[in-house]
Amino acid sequence: MWRYLGERDLSNAWSAGKVKERIVQFKKWVMGLSVRTITRPKAFQKPGHLCLHLLQMAFLQMCNLPVRVVCRANAEYMSPSGKVPFIHVGNQVVSELGPIVQFVKAKGHSLSDGLDEVQKAEMKAYMELVNNMLLTAELYLQWCDDVTVEEITHPRYGSPYPWPLNRILAYQKQWEIRRKMKAIGWAGKSLEQVLEDVDQCCQALSQRLGTQPYFFNKQPTELDALVFGHLFTILTTQLTTDELSEKVKNYGNLTAFCRRIEQQYFEGHDKDNSGTAAPRSAKRSLLR
Amino acid sequence: VCEIMDEVMRKSHEAREKLLRLGIFRQVEVLIDTCQGDDALPNGLDVTFEVTELRRLTGSYNTMVGNNEGSMVLGLKFPNLFGRAEKVTFQFSYGTKETSYGLSFFKPQPGNFERNFSVNLYKVTGQFPWSSLRETDRGISTELNFPIWKTNHTLKWEGVWRELGCLARTASFSVREESGHSLKSSLSHAMVIDSRNSTILPKRGALLKINQELAGYTGGDMRFLKEDFEFQLNKQLLWDLVFSASLWGGMLVPIGDKPSSIADRFYLGGPTSVRGFSMYSIGPQNEGDYLGGDAYWAGGLHLYTPLPFRPGRGGFGDLFRTHFFLNAGNLCNLNYGGGPRAHLQKLAEYIRWSYGAGIVLRLGNIARLELNYCFPMGVQSGDRICDGVQFGAGIRFL
């Protein structure tokens, strides 16, 4: 599936005839408006939420924008689209990575300015791959694998609420996710098949990354933020089995990539600004 | 003999009223005749009640008028489920603002209808455009009603799963912050003393309602203590003039660290409250969404007269009244760290008030319609006014 997407997008870019050369310049501005990113408190976070939060944090910090993280149990309901995390800037509320990237771009910050059309199409293709494969696999593991659901997901999801609301909301969410899985055809898949898909996806990413520091030459782009968010979460979240993180660990360059980004964007900021929630807590760190 | 006859007629009339009030009979007829038969007493009277029972299951279709909204109600009722006037009702209501359904079980104490007990299960959806808020409540409540001397008391336990959401994408952030789910489990007590001769446009008598609610100690995550009261006094002056004074007030005290929820706070303003202001559009607000307040008071002075030149006297014209009013009120939050004295001071400054005149139409004994010309005064920045003509419909007016 990912190959098909990649080829289709590439061929479109070629036919559009827009192959340019640009000088890559990574601008560093400080915005002046404070950006608040809102997500669920760590203890209550599902691994899915955490990864989205991380990738958004990574993206914003790559753009060198000052961010303050606020944790609320009802973040999911506060968001205009129902997805966490979201950012609150001045009077505006923007949720999900795509719109946030657009919003930040409109303010004059973009990580992919230096890419030409072909590369942009390729980047979009890989982002689609990650969204379709990794994100869905994470959701599958959290909500469709019975052991994980009982032991980890239900308690975590319902923990901000009193009984019986914690059970009701957790079941409601589970039905919703399972319905979605059925709609995209993942309901029939077994855990092994899902892990196979994750492995294939990691293989593709690993091949693209190669020995480079980032996916597109020396500068980070949205794709780097996206991949970092997902992979870091998979590597550091405790689940009932370690199979998922093992699949990712098989690819050395991917783990090195995550470590590099963690060091560069979250370590340094940790020292300057203790208000920013780094993905590092006592348990979660690749640097051990 | 006449006195005895009067006594018998009066008592049988009372008994008939009581039987009708049970709500299980379609018709009750009383027959009084001299005693006949073998064991007849001399000068004895036979009193016979002939009753026609309602059907075991009845359906109904009504329209309902609440505070500034109308709705269509479909109902199913078992008027006498187990033979002692127990009622089971199922209702589905589709309205301009709300859609809801509910199941309720009602049981009066045999022989003492005033003492009764009911259990309700309900789902209610409401839309509040003045706050850009949407609320869905799913709950269960049990209620016990009993009279003590001249007062009527209600003890209630209620458990509600409350879901709040934004009505539009443009809702302010303060309202967005309140979105989500919460569980309220509360105990409440209400006391009502009502000596008025009518609920709508009374000519004399007084009403006092005091209500308190304690949430949080029986489960749930909302913790607060809420008090509110309603007082009304009516006096008939000469020439069909009726003077009426009313005072409302309330206070919400959150217990613990959590601030109060937008769904529990008090709202002020509108054709049923302080006239001359838009619906619930007084007080703390954020980007045009009104957030309500933790404490409020509102008062009104009214003078009701029959229509000038009394058209339709003795018939339709009697349902109308002209009225002159003076309303005032204030609403504020209590979360600024002051004590009771500071609270009173805050409620006393920046009072909103209005005066005007209009026509009132009585609808049965349940609701009233008003068409007023208002002059709002004491308007603070942020309040939305409705000066000039304002229309109101409802059952509870200031």
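These numbers were taken from a predicted model, which means no experiment stands behind them.

Take the overall build of chain A next. When you go through chain A residue by residue, the secondary structure sums to 11 helices and 4 strands. Here the contacts in chain A between residues at least 6 apart in sequence split such that 76% fall between residues at least 24 apart. Carbon and sulfur atoms make up 50% of the accessible area of chain A, which amounts to about 13700 Å² in all.

This part is about the overall build of chain B. Of the regular secondary structure elements, chain B holds 3 helices and 20 strands. The principal-axis extents of the C-alpha atoms in chain B amount to approximately 85 × 55 × 40 Å. Put simply, chain B has 398 residues, and 42% of those count as buried. Sequence-distant contacts, at least 24 apart, represent 55% of the contacts inside chain B between residues at least 6 apart. Chain B carries 43 positive and 40 negative side-chain charges, and their two centres are separated by 3 Å.

Glancing now at the UniProt feature "domain: Metaxin glutathione S-transferase" (unreviewed entry) in chain A. Within this structure's numbering, the places UniProt gives as "domain: Metaxin glutathione S-transferase" (unreviewed entry) are residues 199–261 of chain A. Secondary structure content for residues 199–261 of chain A is 68% helix and 0% strand, while the C-alpha to C-alpha distance between its ends is 22 Å.

This part is about the environment of Tyr267 of chain B. Inspection of the secondary structure puts Tyr267 of chain B in the loop between strand E13 (242–254) and strand E14 (285–286). Residues within four places of Tyr267 of chain B in sequence aside, it is in contact with Trp130, Ser131, Ile262, Tyr280, Tyr290, Leu291, Gly292 and Leu331 of chain B.

What follows is about the nonpolar core. Residue and element names in this part refer to chain A. Grouped together as the largest cluster of nonpolar side chains are 73 residues, with contacts concentrated most on Phe59, Leu205 and Phe257. Per element, the largest residue contribution to this core is 11 residues, and it comes from helix H5 (residues 117–143). If we skip the residues at most four places from it in the chain, Phe257 touches Leu209, Pro213, Tyr214, Phe215, Asp224, Val227 and Phe228.

Taken together, the 21 residues of chain A in the interface contact 14 residues of chain B. Of the roughly 1400 Å² buried where chain A meets chain B, counting both sides, 63% is carbon and sulfur surface. Interface area lost by chain A to chain B is led by Tyr77, Met78 and Leu165 of chain A, which between them contribute 32%. The tally of links between chain A and chain B comes to 1 salt bridge. Glu177 of chain B is the salt-bridge partner of Arg72 of chain A, the closest N and O atoms lying 2.9 Å from each other. For the side of chain A that touches chain B, the secondary-structure elements that each account for two or more residues are strand E1 (35–39), helix H3 (75–78), strand E3 (86–89) and helix H7 (165–184) of chain A.

Here the focus is the packing of H5 of chain A against helix H6 (residues 146–158) of chain A. Residue and element names in this part refer to chain A. Orientation of H5 relative to H6, taken along the N-to-C sense of each, is 100°, at an axis distance of 7 Å. With respect to their mutual orientation, H5 and H6 come out roughly perpendicular. Packed against H5, whose contacting residues are Leu141, Gln142 and Trp143, the element H6 presents Thr148, Val149, Thr153, His154 and Tyr157 at the interface. For the contact of H5 with H6, a count of residues per class yields 4 nonpolar, 4 polar and no charged.

This part is about the environment of Tyr214 of chain A. Residues and elements named next belong to chain A. As for its position among the elements, Tyr214 is in the loop between helix H8 (191–209) and helix H9 (222–236). Using a relative accessible area of 5% as the deciding quantity, one classes Tyr214 as buried. Placed 143 residues apart in sequence, Tyr214 and Cys71 show a C-alpha to C-alpha distance of 30 Å. In this structure the side chain of Tyr214 is engaged in a polar contact, spanning 2.6 Å, whose partner is the side chain of Gln264.

All names here are of chain B. One pass over the structure, following the stated rule, counts 22 salt bridges over all chains. One salt bridge in this structure joins Glu114 and Arg21, with 2.6 Å as the shortest N-O distance. Of this pair, Glu114 sits in strand E7 (residues 112–128) while Arg21 sits in helix H1 (residues 2–21), and the two are 93 residues apart along the sequence. A relative accessible area of 32% means that Glu114 is categorised as partly exposed. Between Arg275 and Glu370 there is a salt bridge, and its shortest N-O distance comes to 2.8 Å.

Take the side chain of Ser179 of chain B next. One can find Ser179 of chain B in the loop between helix H2 (173–177) and strand E10 (180–194). Excluding residues within four positions of it along the chain, Ser179 of chain B makes contact with Asn74, Tyr77 and Met78 of chain A together with Leu164, Gly165 and Cys166 of chain B.

Residue and element names in this part refer to chain B. Of note, Ser141 is situated in strand E8 (residues 133–148). Overall, the relative accessible area of 3% leaves Ser141 in the buried class. In contact with Ser141, not counting residues within four places along its chain, are Ser118, Val119, Asn120, Tyr122, Trp157 and Glu158.

On to a negative patch on the surface. Residues Glu192, Asp242, Glu243 and Glu246 of chain A make up a contiguous surface patch of negative charge. Under the relative-accessibility criterion, Glu192 of chain A is labelled exposed at 55%.

For the rest of this paragraph, the subject is the pairing of E3 of chain A. Regular strands place their side chains on alternate faces of the sheet. Residue and element names in this part refer to chain A. The alternating pattern of E3 places Phe86 and His88 and Ile87 and Val89 on opposite faces, both of which are buried. Note: E3 against strand E4 (residues 92–95), 4 bridges, orientation antiparallel. Its bridge partner lying in E4, His88 is registered against Val93. Adjacent in sequence and paired antiparallel, E3 and E4 are bridged by 2 residues, among which Gly90 carries a positive phi angle near 60°.

Quick look at the environment of Glu50 of chain B now. Residue and element names in this part refer to chain B. Counting through the fold element by element, Glu50 comes out in strand E2 (residues 45–53). As a C-alpha pair, Glu50 and Arg16 span 34 residues in sequence and 10.0 Å in three-dimensional space. Excluding residues within four positions of it along the chain, Glu50 makes contact with Gln27, Val28, Glu29 and Leu31.

Here the focus is unusual backbone geometry. Residue Trp163 of chain A is joined to Pro164 of chain A through a cis peptide bond whose omega torsion reads 0°. The topology assignment puts Pro164 of chain A in the loop between H6 and H7. We note that Tyr350 of chain B has phi near 55°; this positive angle belongs to a residue other than glycine. Checked against the element boundaries, Tyr350 of chain B lands in the loop between helix H3 (340–348) and strand E18 (352–363). Since its relative accessible area comes to 54%, Tyr350 of chain B is described here as exposed.

All names here are of chain B. Bridge count for E10 against strand E11 (residues 205–220) is 10 bridges, and the pairing is antiparallel. Residue Ala190 lies in a different strand from E11, and its bridge partner there is Asn211. Direction of pairing for E11 relative to strand E12 (residues 224–236): antiparallel, over a ladder of 11 bridges. Within E12, the position partnered with Gly205 by the bridge is Asn234. In this structure, the hairpin formed by E11 and E12 is closed by a connection of 3 residues.

Definitions and cut-offs
- Residues numbered from 1 in each chain as written.
- Chains lettered and ligands numbered in written order.
- Predicted model: local features only at pLDDT ≥ 70, side-chain atom pairs only at ≥ 80, totals over all residues.
- Heavy atoms only, no water.
- Helix = DSSP H or I, 4+ residues; strand = E, 2+ residues; numbered from the N terminus.
- Contact = heavy atoms within 4.5 Å.
- Areas by Shrake-Rupley, 256 points an atom, 1.4 Å probe, with all protein chains shown as cover.
- Buried < 20%, exposed > 50% of the residue type's maximum accessible area, 1.4 Å probe, protein only.
- Lys, Arg positive; Asp, Glu negative; His and termini not counted.
- Charge placed at Lys NZ, Arg CZ, Asp CG, Glu CD.
- UniProt positions renumbered as here; feature names shortened; annotations may be inferred.
- Core = buried A, V, L, I, M, F, W, Y, C linked by side-chain atoms within 4.5 Å.
- Buried area = accessible area lost by both parts, 1.4 Å probe.
- Salt bridge = Lys/Arg side-chain N within 4 Å of Asp/Glu carboxyl O.
- Axes fitted to C-alpha atoms, helices over the stretch in contact; angles between N-to-C directions.
- Parallel < 35°, antiparallel > 145°, perpendicular 65-115°, else oblique.
- Nonpolar A, V, L, I, M, F, W, Y, C, P; charged D, E, K, R; others polar.
- Polar contact = N/O pair within 3.5 Å; in protein donor to acceptor, adjacent residues only side chain to side chain.
- Patch = residues over 30% accessible without salt bridge, like charges linked within 9 Å, V, L, I, M, F, W, Y side chains within 5 Å.
- Pairing = 2+ DSSP bridges.

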